[in-house]
Amino acid sequence: MKAENEQRTGLLYGFGAYGMWGLVPLFWPLLKPSGAIEILAHRMVWSVVVVGIALLALRRWGWIAELARQPRKLGLTALAACVISVNWGLYIWAVNHGQVVEASLGYFINPLVTIALGVLVLGERLRRAQWAAVGIGFAAVVVLAVGYGRPPWISLVLAFSFAAYGLIKKKLNMGGLESLTAETALLFPPALAYLVWLGVRGESTFTTRDLGHSALLASTGLVTALPLICFGAAAIRVPLSTLGLLQYLAPVFQFALGVVYFHEAMPPERWAGFSLVWVALVILTWEALGTSRRNRALLEAAAATTPAAATPAAAAPAAVAPTPESA
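Residues numbered from 1 in each chain as written. Predicted model: local features only at pLDDT ≥ 70, side-chain atom pairs only at ≥ 80, totals over all residues. Heavy atoms only, no water.

Visitor: Even after reading the chapter, I still don't get the overall build of the chain, so can you show me in this structure?
Guide: Secondary structure assignment for the chain yields 14 helices and zero strands. Listed by position from the N terminus, the elements making up the chain come as α-α-α-α-α-α-α-α-α-α-α-α-α-α. The dimensions of the chain, computed from C-alpha atoms along their principal axes, are 85 × 55 × 40 Å. In the chain, which comprises 327 residues, the proportion classed as buried is 39%. Considering only contacts in the chain between residues 6 or more positions apart, those separated by 24 or more positions represent 85%. A total accessible area of about 17500 Å² is found for the chain, and carbon and sulfur atoms account for 70% of it. (Helix = DSSP H or I, 4+ residues; strand = E, 2+ residues; numbered from the N terminus. Buried < 20%, exposed > 50% of the residue type's maximum accessible area, 1.4 Å probe, protein only. Contact = heavy atoms within 4.5 Å. Areas by Shrake-Rupley, 256 points an atom, 1.4 Å probe, with all protein chains shown as cover.)

Structure (structure tokens):
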């Protein structure tokens, strides 16, 4: 019963995280007339404040000295910070320039790009269904490029930057709160310097607009940190396969907002490209779920047979294999 409650709580946290990420296109336009770079700088600065308060409350400071003693890990953290700043900045620009649908496509194709990077960078081997999904995803990009008259560069940069960020994070192996703190702390000095420079030039909307606008800019720290905190809470309570399915909620919400709320155009070639992407994701998800079920069945079979083989028949009553409930 406790496990079920934990999983239910984890699902709620997961819906909260991906729901907030999916609805964030409603927030960035509220910050106009601030430009994308100014918004990004505020996001970096105020995120440091939010995660600093969180770390102070949790008293989790020991990792900072350990990170400072590892130049390679510090360098990877700086690289991750640069990559995610490109992702954040482009996404804000895309939303505020009427490109919500193309931005959502970036997060639809991100799992396919992640798989491709796994092959190219990590030398991973793909199963046939994964190859099929990647091939269909590539065909979708070609269809969209023909329809647009250009490659969907916003989608591609968002997808590749976030996939690269995930690859770097995999090598770093740091907790979500700790890694966000380290990344935003490294970005804090240049972001603050840029905001001061804007203020000196009289171009800062933080100081020249009303108090409500300044409060909205300051809230970018919460907008950044809250979904990550919810995601971290979900990740320790639900299986990764479930999180993998939940991740599609964010681009689905973004796509729906782009079409229904922002009234962005969806010509036939755009529908065709998106449809191919969705087919690729269905294949990828189906294959991942099937692989997860087979692996779980193998683990359960191994857990059921190993104690019996290792225990003498006379000692059987004293060595009962654990049930799923007790495990």
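Visitor: What am I meant to see in the side chain of serine 34 here?
Guide: Here serine 34 lies in the loop between α1 (2-23) and α2 (36-58). Looking at serine 34, its side chain comes within polar contact range of the side chain of threonine 205, at 2.5 Å. Once residues lying within four places of it in the same chain are set aside, the contact partners of serine 34 are Ile39, Thr205, His213 and Leu217. (Polar contact = N/O pair within 3.5 Å; in protein donor to acceptor, adjacent residues only side chain to side chain.)

Visitor: Looking at this model, I keep getting lost on the packing of aromatic side chains. Mind explaining?
Guide: For any pair of aromatic rings, the description rests on two quantities: the centre-to-centre distance and the angle between the ring planes. Tallying each qualifying case throughout the model produces 18 aromatic pairs. Pairing tyrosine 18 with tryptophan 21 gives two aromatic rings, centres 5.4 Å apart and planes at 65 degrees, and the pair type is edge-to-face. Of this pair, tyrosine 18 and tryptophan 21 both sit in helix α1, three residues apart, roughly one helical turn. Ring centres of phenylalanine 27 and tryptophan 28 lie 5.2 Å apart, and the angle between their planes is 65 degrees; on these two criteria the pair is classed as edge-to-face. An identical accessibility class is assigned to phenylalanine 27 and tryptophan 28; each is buried. Here a set of aromatic residues connected by ring pairs shows up, and it is made of Phe108, Phe255, Trp271, Phe274 and Trp278. In this arrangement the basic side chain of arginine 43 is found over the ring face of tryptophan 88, its NZ or CZ atom lying 4.2 Å from the centre. (Phe/Tyr/Trp six-rings, centres within 6.5 Å; stacked < 30°, edge-to-face > 60°. Lys NZ or Arg CZ within 6 Å of the ring centre and 35° of its normal.)

Visitor: What am I meant to see in the nonpolar core here?
Guide: The nonpolar side chains of soluble globular proteins are, as a tendency, buried together. Of all hydrophobic cores here, the largest spans 24 residues; its most connected members are Trp63, Ile168, Leu172 and Met174. For this core, the elements supplying multiple residues, two or more each, are α2, α3 (62-68), α4 (71-96), α7 (153-172) and α8 (176-200). Other than its neighbours up to four places away in sequence, methionine 174 contacts Trp63, Leu67, Lys73, Thr77, Ser179 and Ala182. Of all hydrophobic cores here, the second largest spans 23 residues; its members include Leu117, Val134, Tyr248 and Leu281. (Core = buried A, V, L, I, M, F, W, Y, C linked by side-chain atoms within 4.5 Å.)

Visitor: What should I look at first to understand the pattern of salt bridges in this one?
Guide: Pairing is possible between side chains of opposite charge, provided their charged atoms come close. For the structure shown, the criterion picks out two salt bridges. Of the charged contacts, one joins arginine 150 and glutamate 102 as a salt bridge, the two residues approaching to 3.2 Å between their closest N and O atoms. Of this pair, arginine 150 sits in the loop between α6 (128-148) and α7 while glutamate 102 is found in helix α5 (residues 100-122), placing the two residues 48 residues apart along the sequence. Take glutamate 102: its relative accessible area is 0%, and that puts it in the buried class. Here arginine 201 makes a salt bridge to glutamate 203, at a shortest N to O gap of 2.9 Å. (Salt bridge = Lys/Arg side-chain N within 4 Å of Asp/Glu carboxyl O.)

Functional significance is not addressed by these values, which are geometric in nature.
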